[in-house]
Amino acid sequence: MISLNTNITDLIMLNSLNSATGGINKTIERLTTGYKLNHAKDNAANLSIVTSLSTKINSLLKVKSNTEDGISLLSTAQEALENIQDQLSRLRALSIQAANGNYGEQSLEAMQAEADEIIEQIKQIRNNTEFNGLKLFESTRPISANETTTVVAKLSNAKVKMRTSARSAAVPYASNLTYIDSEGAIAFAGNETKTVNICGITYTLKNTKSSSSSLSYVKDKSSGQITFVASNFEITAQKDVSHNIV
């Protein structure tokens, strides 16, 4: 005869032990992480609120970090400008000192040498002041004159001034030429090229952008100067005449 006995007391003690062990593990986890809510099972609603607040806090901390970087950049620029101001003050003092008429040629040469050194230091500050690799006083390079009879202008949100010297005289106006409007605007599709005749002179205009754009022009018949206003256009002018293009 088989007899099955169940120790109810031991089962109750085992269940209590498992419950206590789970509680201890949860307490240790909270002590380790420093957070009361570590899993959705702890409190799903509160965990969702905590997660949302944590995201906003991290965003605000990043904004704070970006603001501090901006302040550091401005501080760097301010210190450089203060240095330039000090150099300019010294340069002004030298110019006033040299103008009083009480110094000989040798002294004036020494003052000039110091002035040249000050100007060079100002240039170095302007060219070398940077923050995280970003130059703070980057100077723009002037666009030199184009001295060929084919004028190719790359216009990028600015008026580019160019002159050609194929002939010194202005292009004469012939009676057999039909002058179209001396001012107007032309619409272009993306990467479209058009050839137009403005007051008897041919221009090939190309929109170098992939999106649609427009170009406007004004021709001064008294001086022969034509002004193009556009962004990202390539302009090729007629080769056998001189031009006065802005």
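Attention in this report is confined to the structure presented alongside it. (Residues numbered from 1 in each chain as written. Predicted model: local features only at pLDDT ≥ 70, side-chain atom pairs only at ≥ 80, totals over all residues. Heavy atoms only, no water.)

## Comments concerning the overall build of the chain
Here is step 1 of the chain: Within the chain, the regular secondary structure consists of three helices and eleven strands.
Here is step 2 of the chain: Each helix and strand of the chain, ordered N terminal to C terminal, gives the series α-α-α-β-β-β-β-β-β-β-β-β-β-β.
Here is step 3 of the chain: Counting over 246 residues, the chain shows a buried share of 20%.
Here is step 4 of the chain: Long-range pairs, those at least 24 residues apart, make up 50% of the contacts in the chain between residues at least 6 apart in sequence. (Helix = DSSP H or I, 4+ residues; strand = E, 2+ residues; numbered from the N terminus. Buried < 20%, exposed > 50% of the residue type's maximum accessible area, 1.4 Å probe, protein only. Contact = heavy atoms within 4.5 Å.)

## Focus on the environment of Ser-95
Here is step 1 of the chain: By the element assignment, Ser-95 lies in helix α2 (residues 44–98).
Here is step 2 of the chain: What makes Ser-95 partly exposed here is its relative accessible area of 43%.
Here is step 3 of the chain: Taking the C-alpha atoms as reference, Ser-95 lies 8.4 Å from Ala-115; in sequence the two are 20 residues apart.

## Points about helix α3 (residues 105–128)
Here is step 1 of the chain: Between its first and last C-alpha, α3 extends 34 Å over 24 residues, near the 34 Å set by a 1.5 Å rise per residue.
Here is step 2 of the chain: Taken residue by residue, α3 has Met-111, Ala-115, Ile-118, Ile-122 and Ile-125 as its buried positions. (Expected span 1.5 Å × (residues − 1).)

## A look at the nonpolar core
Here is step 1 of the chain: Of all hydrophobic cores here, the largest spans 18 residues; its most connected members are Ile-198, Tyr-203, Leu-205, Leu-215, Tyr-217, Ile-226 and Phe-228.
Here is step 2 of the chain: Elements supplying a minimum of two residues to this core: β5 (183–188), β6 (193–198), β7 (201–207), β8 (213–220), β9 (225–229) and β10 (233–237).
Here is step 3 of the chain: Setting aside anything within four residues of it in sequence, one finds Leu-215 in contact with Gly-184, Ala-185, Ile-186, Phe-188, Leu-205, Phe-228, Val-229, Ala-230, Phe-233 and Ile-235.
Here is step 4 of the chain: Counting residues in each nonpolar core, the second largest holds eight residues, with Leu-94, Met-111, Ile-118 and Ile-122 among its members. (Core = buried A, V, L, I, M, F, W, Y, C linked by side-chain atoms within 4.5 Å.)

So, to be careful, I would describe these as geometric facts and stop short of saying anything about function.
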